[in-house]
Amino acid sequence: MATEHDTGTRESTRGRVVMLVDNGVNGDSRVQKEARSAAEAGWDVVLLGRAKGKKAETWRIGDAEVRLIPVPGPMARRRHEYRRAVLRSPLAYRPGPLAAYRQQRIKAWRADLNIRLILAQQEGSALTRLRLLVPRLTARMLYSWVKLRHRRTLALEKRRKDMDSALDRFTTAFWKKTMGDRSWRRLDPHLWDFELAYGKVVDELKPDLIHANDFRMLGVGARAKLRAQARGRSVKLVWDAHEFLPGIKPWSPHPRWHVAQCAHEREYARHADAVTTVSETLAGMLQERHGLNAKPTVVLNAPDGEVPPLQAPEPVPDLRELCGIGADVPLSVYSGSAAPQRGLDIMVESLPLMPDVHVAFVVLNTDSPYMRTLRARAEELGVAERLHILPYVPHYQVVRFLSAADVGVIPLHHWPNHEIALITKFFEYSHARLPLVVSDVKTMGAMVEKTGQGEVFRAEDLEDYVRAVKSVLGDAERYRGVYDTPGLLDGWTWEAQADVLDTVYTGLLPGSGARRATGRRVVEAQA
């Protein structure tokens, strides 16, 4: 299906696909692989992500165009947070910088009066000291008054953030009851900031198909589809659900955030023409939760089985060299998102119990608060020299990079969303032919027990974790040998998953023609 839109002439393709994601793309291997493989298959792909600052960015992933869009956040604060709380806290200043300004101003006045008093004393001027008496007393009283109001202002801000009073709980319940799934407009209006930033760009691109990644982008995609329909254009919407939203640990501590995201997802799920997700278990849960006519299609978070030819010559960093250790030093590795619920602390706590083992964390932000906490803990335990915190490598290098380790660790805590899928690092470790040590989360633990590719330990149990690591290190070749099982790794490649995704696209746009041959030179990505 050759198409040409107002954004400029483009060569004949199977149709324009606009992909949406609410992050900066780098570090999100799934969306990068989706964009690159769809473009290779003949689709005209534009991937829209979120810029960190106020400046838009653009680059290419293969034949796919990436655009990062600035997303201003004035609606991140709820409407009531911009108002004075005259009844609730009458002494508090109005929201904004006024409280801090008033406190600094009175401090400056008192500092100035103090210097004037010092000069008067040096000059021996009793009259000047007398003249300063009233201003100094006034400044002292005003300082106490401003300090009191500043404390009330901070207390009000905290109460508004915590929203744990009876009145707060009542208003939250009121909006849920009266507005239903539309209540997110009151509970988290920040979702509109994404719509206002992305929506106009999507409209200008005039897509044939919108691929919305995760729950925030679902609404952006659905509204763009509805606007296109109102203008007489047919646009298909694919919702790629990465997680089971009710089961995640909320990204924000605000008590309304999770409620709002769930309502937003429920409102727009019905507008998806097709749904993809990361596991069979999650597919069934999504179908039941949203009453979907068809069970979502599973597209696994699998790594590349082959490296794109343009990237193949790039040298892969040496994991052990970056850690400053030799080939004979036991090395366990964790690669991926870093957060307390991921359980990385157990790897640090285990180091005193395994004096020969080193630990490497390969994470997006090596200086995040969580990483700083783990680094400080390692120093307390006297094992800092055996903890190595390293940045991500490009997704097409991950498997070869990790293959230098001895053990791949997935120490997840028991959260509902952790129980239902084989996550990206599971497949990356497998293609790196690493013996695995995983916590007993349901799906992943069952798979490791079934295949024999590693050991399962009780989540958050240090003693059992140490047992599992020692068991793997003691007989590594036995665990690695599992990967020689015929067919085990064949389906765990992105190339196989890209075929599945292309089938979804083609089913929604039946006039789009056959998938274009990639012509890619095969370069094995496996270790």
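Conventions we followed
- Residues numbered from 1 in each chain as written.
- Predicted model: local features only at pLDDT ≥ 70, side-chain atom pairs only at ≥ 80, totals over all residues.
- Heavy atoms only, no water.
- Helix = DSSP H or I, 4+ residues; strand = E, 2+ residues; numbered from the N terminus.
- Contact = heavy atoms within 4.5 Å.
- 1 Å grid on protein atoms, 1.4 Å probe; cavity = no way out; pocket = protein on both sides within 12 Å on 5 of 7 lines; lining within 4 Å.
- Points joined across faces, edges and corners; volume = space filled by probe spheres on them.
- Phe/Tyr/Trp six-rings, centres within 6.5 Å; stacked < 30°, edge-to-face > 60°.
- Buried < 20%, exposed > 50% of the residue type's maximum accessible area, 1.4 Å probe, protein only.
- Lys NZ or Arg CZ within 6 Å of the ring centre and 35° of its normal.
- Salt bridge = Lys/Arg side-chain N within 4 Å of Asp/Glu carboxyl O.
- Arc of directions from axis to C-beta.
- Core = buried A, V, L, I, M, F, W, Y, C linked by side-chain atoms within 4.5 Å.
- pLDDT = per-residue confidence, 0-100.
- Pairing = 2+ DSSP bridges.
- Axes fitted to C-alpha atoms, helices over the stretch in contact; angles between N-to-C directions.
- Expected span 1.5 Å × (residues − 1).
- Bend = angle between axes of the 7 residues up to and from the residue.

**Student:** Break down the overall build of the protein for me, with residues and values.
**Tutor:** A tally of regular secondary structure across the protein gives 18 helices and 14 strands. Seen through its C-alpha atoms, the protein measures out along the principal axes to roughly 95 × 65 × 45 Å. Across the protein, the fraction of contacts at a sequence separation of at least 24, relative to all contacts at a separation of at least 6, is 73%.

**Student:** Requested: an account of empty space enclosed by the protein, with residues and values cited.
**Tutor:** The method is simple in principle: a probe with the dimensions of a water molecule rolls over the atoms, and the space it marks as empty is what remains. As enumerated under the stated definition, the model contains 1 cavity of 30 Å³ or more in all. By volume, the largest cavity is sized at about 50 Å³. Together, Ser37, Ala38, Ala41, Ala498, Leu501, Asp502, Tyr505 and Arg515 line the largest cavity. Where the lining of the largest cavity is concerned, the elements lending two or more residues are helix H1 (29–40) and helix H18 (494–508).

**Student:** Requested: an account of the packing of aromatic side chains, with residues and values cited.
**Tutor:** Summed over all chains, the structure comprises 13 aromatic pairs. Ring geometry for Trp43 and Tyr505: centres 5.6 Å apart, planes at 90°, overall edge-to-face. With Trp43 in the loop between H1 and strand E2 (44–50) and Tyr505 in helix H18, this pair connects stretches of sequence that are 462 residues apart. Each member of the pair, Trp43 as well as Tyr505, carries the same accessibility label: buried. With 5.5 Å between their ring centres and 85° between their planes, Phe426 and Phe427 make a pair best called edge-to-face. Here the two residues Phe426 and Phe427 agree in accessibility, since each one is buried. Here the aromatic cluster, defined as three or more aromatic residues joined through ring pairs, consists of Phe170, Phe174 and Trp175. Arg149 extends its terminal NZ or CZ atom over the ring of Tyr93, reaching a point 4.0 Å from the ring centre. Of note, Arg478 hangs over the ring of Tyr479, and the distance from its end group to the ring centre comes to 4.3 Å.

**Student:** Can you tell me about the side chain of Thr172, naming the residues and giving the values?
**Tutor:** Here Thr172 lies in helix H4 (residues 166–179). Residue Thr172 is classed as buried on the basis of its relative accessible area, which comes to 15%. Apart from the residues lying within four places of it in its own chain, the contact partners of Thr172 are Leu187 and Arg256.

**Student:** Describe the pattern of salt bridges, with residues and values.
**Tutor:** In this structure the tally under the stated criterion is 28 salt bridges. Residue Asp22 is joined to Arg216 by a salt bridge in which the shortest nitrogen-to-oxygen separation is 3.4 Å. With Asp22 in the loop between strand E1 (16–20) and H1 and Arg216 in helix H7 (residues 214–230), this residue pair connects regions lying 194 residues apart in the sequence. Exposure remark for Arg216: the relative accessible area of 13% places this residue in the buried category. In this structure, Arg478 and Asp475 form a salt bridge, with 2.8 Å as the shortest nitrogen-oxygen distance. Relative accessible area serves as the criterion here: at 34%, Asp475 is assigned to the partly exposed category.

**Student:** Outline unusual backbone geometry, listing residues and values.
**Tutor:** Of note, the phi angle at Val25 is positive, near 75°, even though the residue is not glycine. Inspection of the secondary structure puts Val25 in the loop between E1 and H1. At Glu460, a residue that is not glycine, the phi angle is positive and equals roughly 70°. By the element assignment, Glu460 lies in the loop between strand E14 (454–457) and helix H16 (462–474).

**Student:** Which residues make up helix H15 (residues 442–451), and what values do they have?
**Tutor:** Listing the buried residues of H15 in full gives Met444, Gly445, Val448 and Thr451. For H15, the arc enclosing every buried residue in end-on projection is 145°, short of the 170-degree limit, so these residues lie on one face. In H15, the exposed positions that point more than 90 degrees away from the buried face belong to Lys442, Glu449 and Lys450. Residues of H15 that are buried make contact with strand E12 (407–410), helix H14 (424–431), strand E13 (436–439) and E14.

**Student:** An account of the nonpolar core is requested, with residue identities and associated values reported.
**Tutor:** Phe361, Leu402, Phe426, Val437 and Tyr465 are the most contacted members of the largest nonpolar core, which totals 67 residues. In contact with Leu402, not counting residues within four places along its chain, are Leu319, Val333, Ser335, Val362, Glu428, Tyr429, Ala432 and Leu434. Ranked by size, the runner-up nonpolar core spans 40 residues in total, among them Leu187, Ala212, Leu286 and Ala421.

**Student:** How would you summarise the confidence of the model for the protein if you had to cite specific residues and measurements?
**Tutor:** Overall, the predicted model of the protein reaches an average pLDDT of 90, with 94% of residues at or above 70. Segment residues 1–10: pLDDT under 50, and 29 contacts once partners within four positions in sequence are set aside and those in other chains are kept.

**Student:** Pulling in residues and values, what's your account of the environment of Ala272?
**Tutor:** Residue placement: Ala272 occurs in the loop between helix H8 (257–268) and strand E7 (274–277). Along the backbone, Ala272 and Pro330 are 58 residues apart, and their C-alpha atoms lie at a distance of 48 Å. The contacts of Ala272, once residues within four sequence positions are left out, are Leu237 and Trp239.

**Student:** Describe the sheet that holds strand E10 (residues 358–363), and please don't skip the residues or the numbers.
**Tutor:** Pairing is parallel across the open sheet formed by 6 strands, whose spatial order is E11-E10-E9-E12-E13-E14. Because the sheet does not close on itself, it has two edges, and the strands there are strand E11 (387–391) and E14. If you compare each strand with its neighbour and ignore which way they point, the axes differ by 25° on average. Where strand E9 (residues 331–335) meets E12, 2 bridges bridge the pair, whose relative direction is parallel. The residue bridging Val333 from the neighbouring strand is Gly408, located in E12.

**Student:** Give a description of helix H6 (residues 191–205) that names residues and reports values.
**Tutor:** Helix length check: H6 (15 residues) gives 21 Å between terminal C-alpha atoms against 21 Å at 1.5 Å per residue, within 8%. Where H6 bends most, at Tyr198, the angle is about 35°. Within H6 the residues assigned to the buried category are Leu191, Asp193, Phe194, Glu195, Ala197, Tyr198, Gly199, Val201, Val202 and Leu205. Just downstream of H6 lies Lys206, where phi reads positive at about 50°.

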